[in-house]
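# Summary of structural features
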There are 2 protein chains.
Amino acid sequence: MRSPAANAELALLLEVAGTPKPGNVDRHRDLAELRFEHFLAGAVGAREGLELAADGAAVGPAFERAVEEMAAQKGGNTQFGALLLLVPLVRAARDDLSQPVAEAVVRETTVGDAASFYRAFDHVDVGVDEPPADMTALDVRRGADAIPALEERGLTLFDIMERSVPGDDVAREWVRGFDRSFGAAERLAEADGTVSERTAAAFLSLLAERPDTLVATRHNEATAREVTDRAAELVADDALETDRDTVEAFADDLVDRGINPGTTADVTAAGLFVALEHEAIEL
Amino acid sequence: MRSPAANAELALLLEVAGTPKPGNVDRHRDLAELRFEHFLAGAVGAREGLELAADGAAVGPAFERAVEEMAAQKGGNTQFGALLLLVPLVRAARDDLSQPVAEAVVRETTVGDAASFYRAFDHVDVGVDEPPADMTALDVRRGADAIPALEERGLTLFDIMERSVPGDDVAREWVRGFDRSFGAAERLAEADGTVSERTAAAFLSLLAERPDTLVATRHNEATAREVTDRAAELVADDALETDRDTVEAFADDLVDRGINPGTTADVTAAGLFVALEHEAIEL
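Keep in mind that this is a model prediction, so the values were computed, not measured.

### Observations regarding the pattern of salt bridges
Residues and elements named next belong to chain B. All chains considered together, the criterion is met by 46 salt bridges over all chains. With a closest N to O distance of 2.9 Å, Glu-51 and Arg-47 form a salt bridge. Here Arg-47 and Glu-51 lie together in helix H2 (residues 36–54), a separation of four residues that amounts to about one turn. We note a salt bridge from Arg-257 to Glu-226, for which the minimum N-O separation is 3.0 Å.

Okay, structure coming up:
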């Protein structure tokens, strides 16, 4: 049986292999500078940090380690957001991989965990928004330089996540008990076909549900909304089953326009991990 | 920097992702019952055994562990042969990843390593030939049942490999100082393009060089020879650069005919590992 760390790494690999995943790197699509093999290397690199979490390390240091080694490839940020979901979920799996336990794990994070989180930004460029005015000193793009301000205010990693909602649906998972991640696992279990087909179905349904916050950050709210509306039409038409070419065309169109729903991919990866751990999908 | 075990796992992933790889599962091709995601799960599963080898465990037990966890997916044998090359190479990398050190590692294997190797066959179905008449008691398909005969004759794992040549080009690597594996690393370094493109080029040139022994086992010598001759024509025409469609058609044709040059893939994976460790390819 695969260990939780192995399942988390496998979830990262299955996520990127799932196709079509409109706008993102998938088994059949690369971006100009960010290719499939960067995601393979990112997943392999993340394993050590995931093992730390599985062994009971604190969430922040395990996350920082996972990110540092994930970033040891030339594609840039591949799985930062996914790891921010997977690390606490792997930590929860030591006890029981349920929403209440995952919620307890993140609520128990410390100021030290928050400091590790800030240090993680020194290892890789992450697409984030301008912080609110009262949070300038805590801009994550400052990396470790923001740690004194963080310690002065006594903010835990959970506090930081709470302040990132709305606007970051990875942070929202922390605050809402990983609701969409566990929901994604259910969708993966209920979908038909191979794991790749189930992944594509779960991704599209998540994209149809809420505008992707990475798209909103990198482009704007209207673009994120447009993408979600289109995804919702495709889901309503059951297009993955009945008109797959249209979904493939949508995927190509988003890649061509540089619109990459990365947050939706992060939640998909978290869902794959939960589904693997619960043996709700088999491969 | 990635550890040797991480690089070995990444080599397995890059090997299966490389495309076109005529006859085998690749980024764009699945077989009927053996899909891309089975290889992803196989590579993730192998990691623990590879870590054992990196930590100095004996080759046989590390290999058996890698195979056992590699096989924890429903596709069947994905990377048995590749692991038989990677485990001693990872072990060698503790000292120095060179042909003489790799050769010393395999020549120092024991009867105990051979017993572990036989036990590995209990974990997964591997495509192997009938043994020679004087080796019936040592038929690997007997798995652990063959261990008493093995111990009685005092055969080490190296001895077993020596007796498998010719007819098994993975075993041949053990006996010939991993000559083609290191040669494949040089080809990967010298080829142009992305790692996927380099992998496709190295695979085709290996296939053009010697008939694949898995094809000879599963089909016959003539089929293996025909495939190699065709690969040699494509290499002579520089077809991957000048007429890629023809290589893609050859790849599809072999998949359709159920001709899977798995030994060539194994050597390609070993070459990828050496190239990653020597930083001869970057990604």
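### Considering the relation of the copies chain A and chain B
Between the two copies of this chain, the relationship is a rotation about some axis together with a displacement along it. Mapping chain A onto chain B calls for a screw motion: a turn of 180° about the axis and a shift of 0.0 Å along it, with 0.0 Å RMSD after fitting. Look at the turn and shift together and you get a two-fold axis relating the two. Considering only C-alpha atoms, the part of chain A nearest the rotation axis is Arg-27 of chain A, at 3.2 Å. A share of 100% of the interface residues of chain A reappears at the interface of chain B, consistent with the copies meeting face to face through the same patch.

### Looking at the packing of helix H1 (residues 4–17) of chain A against helix H4 (residues 80–93) of chain A
What describes two packed helices is the angle between their axes and the distance between those same axes. Residue and element names in this part refer to chain A. H4 packs onto H1 with a crossing angle of 155° between their chain directions and a minimal axis gap of 10 Å. When the interaxial angle is binned, H1 and H4 end up roughly antiparallel. For the crossing formed where H1 meets H4, the hand is right-handed. Residues Pro-4, Ala-8 and Leu-12 of H1 pack against Ala-82, Leu-83, Leu-86, Val-90 and Ala-93 of H4. Along the lines of polarity and charge, the residues of the contact of H1 with H4 split into eight nonpolar, no polar and no charged.

### Notes on the packing of aromatic side chains
All told, the structure shown has 13 aromatic pairs over all chains when counted by the stated rule. Consider the rings of Phe-117 of chain A and Phe-121 of chain A, whose centres lie 5.0 Å apart with planes at 85°: the pair is edge-to-face. Neither Phe-117 of chain A nor Phe-121 of chain A differs from the other in exposure class; each is buried. Between Phe-63 of chain B and Phe-80 of chain B the ring centres are 5.0 Å apart and the planes differ by 85°, which places this aromatic pair in the edge-to-face class. Linking Phe-63 of chain B in helix H3 (residues 59–70) with Phe-80 of chain B in helix H4 (residues 80–93), this pair joins segments that are 17 residues apart in sequence. Exposure remark for Phe-63 of chain B: the relative accessible area of 1% places this residue in the buried category. Here the aromatic residues Phe-63, Phe-80, Phe-117, Tyr-118 and Phe-121 of chain A are joined through ring pairs into a cluster of three or more.

### Overview of the side chain of Thr-263 of chain B
Residue and element names in this part refer to chain B. Summarising the element assignment, Thr-263 is placed in helix H16 (residues 262–277). There is a polar contact of 3.2 Å between the side chain of Thr-263 and the backbone nitrogen of Leu-214. Those residues in contact with Thr-263 that sit more than four places away from it in its chain are Asp-169, Val-170, Asp-212, Thr-213 and Leu-214.

### Remarks on the interface of chain A and chain B
Contacts between chain A and chain B engage 30 residues on the former and 30 residues on the latter. Summed over both sides, the interface of chain A with chain B buries roughly 2700 Å², with 58% coming from carbon and sulfur. Looking at the side of chain A facing chain B, the largest losses of area belong to Arg-27, Val-44 and Leu-283 of chain A, adding up to 26% of the total buried there. Of the charged contacts in the structure, one is a salt bridge between Arg-27 of chain B and Asp-30 of chain A, with a shortest N-O distance of 3.1 Å. On the surface where chain A and chain B come into contact, there are 14 residue pairs in polar contact (both at pLDDT 80 or more). Every element with two or more residues in the side of chain A that touches chain B is listed here: H1, helix H2 (36–54) and helix H11 (195–209) of chain A. Among the elements that line the side of chain A that touches chain B, the one with the most residues is H2 of chain A, at seven residues. Tallied by class, the residues present in the side of chain A that touches chain B amount to 13 nonpolar, five polar and twelve charged.

### Let's talk about H2 of chain A
An α-helical turn contains 3.6 residues, so any two residues separated by three or four positions project in the same direction. Residues and elements named next belong to chain A. Taking 1.5 Å per residue as the helical rise, H2 with its 19 residues ought to reach 27 Å, and the 26 Å between its terminal C-alpha atoms agrees with that figure. A maximum bend of about 35° is found in H2 at Arg-47. Counted residue by residue, H2 has 16 buried out of 19 residues, so it is predominantly covered.

### Quick notes on the packing of H3 of chain B against helix H6 (residues 111–120) of chain B
Residues and elements named next belong to chain B. At a minimum axis separation of 7 Å, H3 and H6 run at an interaxial angle of 10°. In terms of their interaxial angle, H3 and H6 are classed as roughly parallel. Like other packed secondary-structure pairs, H3 and H6 cross with a definite hand, here left-handed. Each of Val-59, Gly-60, Pro-61, Phe-63, Glu-64 and Val-67 in H3 lies in contact with H6, whose residues at this interface are Asp-113, Ser-116, Phe-117, Arg-119 and Ala-120. A class-by-class count of the residues in the contact of H3 with H6 yields six nonpolar, two polar and three charged.

Quick notes on the rules
- Residues numbered from 1 in each chain as written.
- Chains lettered and ligands numbered in written order.
- Predicted model: local features only at pLDDT ≥ 70, side-chain atom pairs only at ≥ 80, totals over all residues.
- Heavy atoms only, no water.
- Salt bridge = Lys/Arg side-chain N within 4 Å of Asp/Glu carboxyl O.
- Helix = DSSP H or I, 4+ residues; strand = E, 2+ residues; numbered from the N terminus.
- Least-squares fit on C-alpha atoms with pLDDT ≥ 70 in both.
- Contact = heavy atoms within 4.5 Å.
- Axes fitted to C-alpha atoms, helices over the stretch in contact; angles between N-to-C directions.
- Parallel < 35°, antiparallel > 145°, perpendicular 65-115°, else oblique.
- Left-handed = near helix turned anticlockwise from the far one by under 90°.
- Nonpolar A, V, L, I, M, F, W, Y, C, P; charged D, E, K, R; others polar.
- Phe/Tyr/Trp six-rings, centres within 6.5 Å; stacked < 30°, edge-to-face > 60°.
- Buried < 20%, exposed > 50% of the residue type's maximum accessible area, 1.4 Å probe, protein only.
- Polar contact = N/O pair within 3.5 Å; in protein donor to acceptor, adjacent residues only side chain to side chain.
- Buried area = accessible area lost by both parts, 1.4 Å probe.
- Expected span 1.5 Å × (residues − 1).
- Bend = angle between axes of the 7 residues up to and from the residue.

Remember, this is a structural readout, not a statement about activity or role.
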